[in-house]
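Geometric and topological summary
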Amino acid sequence: MEPESILDFHTGYEDILAARARSVTRENQIALAIALVGSENPKEIEEGVAILEEIVKDTIHSEDARVCIHYLALAHARLQNYDKSVNLLDALLRTEPSNMQATELRRVVQKKMKRDGLLGLGILGGVAAVIGGVVIAGFALKK
């Protein structure tokens, strides 16, 4: 599996429906949130984020918090909230410096962040060139 495919985590609609149908326990809430994070629908990913944030806020179990923070970081990366994702991963790595999953996800998010930033600059540069060309053409036509 390619490292970048970490962000391609997907959950099928049937899996989300099954997770919603389970009784409300901490474990089932986490399972539902993880399923939502894997959705193609940004609204469902955001719903997963809300559930995970609530669990992290209320949990005293470090394992639950670690899992939730990891999936929160993944969800934010999938929503292209890269800064928030990296901040969550940095917090996780401060408490667990040898966490290889978090280390790899952080590397992938930073790579994606850099690529999308460069792509954004390229698009911005292209738009500026087009606008500049239109302005120059406008001046040329006025003469």
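If you check an unreviewed UniProt entry, the protein appears there as Mitochondrial fission 1 protein from Caenorhabditis brenneri. Of the comments in the UniProt record for the protein, the one headed Sequence similarities (unreviewed entry) reads "Belongs to the FIS1 family." As its UniProt record puts it under Subcellular location (unreviewed entry), the protein is described as follows: "Mitochondrion outer membrane".

Moving on, we come to the pattern of salt bridges. A complete count under the given rule lists five salt bridges for this structure. Among the salt bridges present, the one from glutamate 63 reaches arginine 66, with a minimum N-O distance of 2.6 Å. With glutamate 63 and arginine 66 both in helix α4 (residues 62–78) and three residues apart, this pair spans about one turn of that helix. Two residues, aspartate 90 and arginine 106, come together in a salt bridge whose shortest N-O distance is 2.4 Å. Residue aspartate 90 is found in helix α5 (residues 82–95), and its partner arginine 106 is found in helix α6 (residues 100–142); the two are separated by 16 residues along the sequence. The exposure class of aspartate 90 is partly exposed, given its relative accessible area of 22%.

Bringing the nonpolar core into the picture now. Of all hydrophobic cores here, the largest spans 26 residues; its most connected members are Ile51, Leu52, Leu89, Leu105 and Val109. Among the secondary structure elements, those contributing two or more residues to this core are α2 (26–37), α3 (42–58), α4, α5 and α6. Looking at this core, the element that brings in the most residues is α4, giving seven residues.

So, how was this worked out
- Residues numbered from 1 in each chain as written.
- Predicted model: local features only at pLDDT ≥ 70, side-chain atom pairs only at ≥ 80, totals over all residues.
- Heavy atoms only, no water.
- UniProt positions renumbered as here; feature names shortened; annotations may be inferred.
- Salt bridge = Lys/Arg side-chain N within 4 Å of Asp/Glu carboxyl O.
- Helix = DSSP H or I, 4+ residues; strand = E, 2+ residues; numbered from the N terminus.
- Buried < 20%, exposed > 50% of the residue type's maximum accessible area, 1.4 Å probe, protein only.
- Core = buried A, V, L, I, M, F, W, Y, C linked by side-chain atoms within 4.5 Å.

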